Amino acid sequence: MHQVKPVIDEGWKELLADQFTAPYFSGLKGFLVEEKTKFRIYPPGKLIFNAFNLTPADKVKVVILGQDPYHGAGQAHGLCFSVPRGIKPPPSLVNIYKELSSDLRLPVPVHGNLEKWAGQGVLLLNATLTVRAGQAGSHQNRGWETFTDAAISSLSRKYTGIIFLLWGRYAQAKEALIDRNRHFILKAPHPSPFSASNGFFGCRHFSKTNELLADQGKEPIDWAL
């Protein structure tokens, strides 16, 4: 059967060239080929690197880190927390919208597609880029985290003034990859219904991000969707 080959933005391809040729990456590819013979995998092949393709490395202003793609039918399209139009926004995204609305006095969006943010320089990066249908976390510890950690480290080394939004313990563990002398880190609990009330609500990360961008003379993000 013909497989759609994933493609990745040329700038990212150059920045991460050593990852694509590393032994772990060929192991990861082998694992994915094998998985596809037995299971349905999300997101579709052509969308695995969607976050990188919609937000080229030299355009990144903000990074939002997620853990795993959504594992329900039609949900994952390669951007953390985001779902395509027509798919009901999941609970964490609903809470992100609540905070967005209270922070910036914006109407709550009626869809879950965050591509507009990605197009303005918000890298919506999951640590793991694929998942088995219906099995959360099924592709963790297979090599994706090494790849996405390298992406974060590369951004940290090559650029300055990026705002990293680290929501929850898993994302906050990535802080070690980021040079605090060159970048900004904003931390809050995860927006999941289990933890949003512990400080995600009221964190005002959307307005704070725009203040930090404005202070650098950069165009703020239009967060309205």
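Preceding block: the structure.
These notes cover the structure that comes with them.

## Overview of the nonpolar core
Of all hydrophobic cores here, the largest spans 62 residues; its most connected members are W12, F52, I64 and W117. Here this core takes six residues from helix α7 (residues 144-158), the largest share from any one element. In contact with W117, not counting residues within four places along its chain, are I64, I96, L100, V122, L124, F206, D222, W223 and L225.

## Remarks on the packing of aromatic side chains
A complete count under the given rule lists 19 aromatic pairs for this structure. Centroid distance F20 to F49: 6.4 Å. Interplanar angle 75 degrees. Geometry classified as edge-to-face. Of this pair, F20 sits in helix α2 (residues 17-20) while F49 is found in the loop between β1 (41-42) and α4 (50-54), placing the two residues 29 residues apart along the sequence. Linked through ring pairs, W12, F20, Y24, F25, F49, F52, W144 and F147 together constitute an aromatic cluster.

## Overview of the sheet that holds strand β6 (residues 184-188)
The strand order β3-β2-β5-β6 describes an open sheet built from four strands, whose pairing is parallel. Here the strands that pair on one side only, and so sit at the sheet edges, are β3 (122-126) and β6. The sheet shows a mean angle of 20 degrees between the axes of neighbouring strands, direction not considered. With three bridges joining them, strand β2 (residues 62-66) and strand β5 (residues 163-167) adopt parallel strand pairing. Within the sheet, the bridge partner assigned to V63 lies in β5 and is F164. Lying over the sheet, α7 contacts β2, β3 and β5, oriented at roughly 150 degrees with respect to β3.

Conventions we followed
Residues numbered from 1 in each chain as written. Predicted model: local features only at pLDDT ≥ 70, side-chain atom pairs only at ≥ 80, totals over all residues. Heavy atoms only, no water. Core = buried A, V, L, I, M, F, W, Y, C linked by side-chain atoms within 4.5 Å. Buried < 20%, exposed > 50% of the residue type's maximum accessible area, 1.4 Å probe, protein only. Helix = DSSP H or I, 4+ residues; strand = E, 2+ residues; numbered from the N terminus. Contact = heavy atoms within 4.5 Å. Phe/Tyr/Trp six-rings, centres within 6.5 Å; stacked < 30°, edge-to-face > 60°. Pairing = 2+ DSSP bridges. Axes fitted to C-alpha atoms, helices over the stretch in contact; angles between N-to-C directions.

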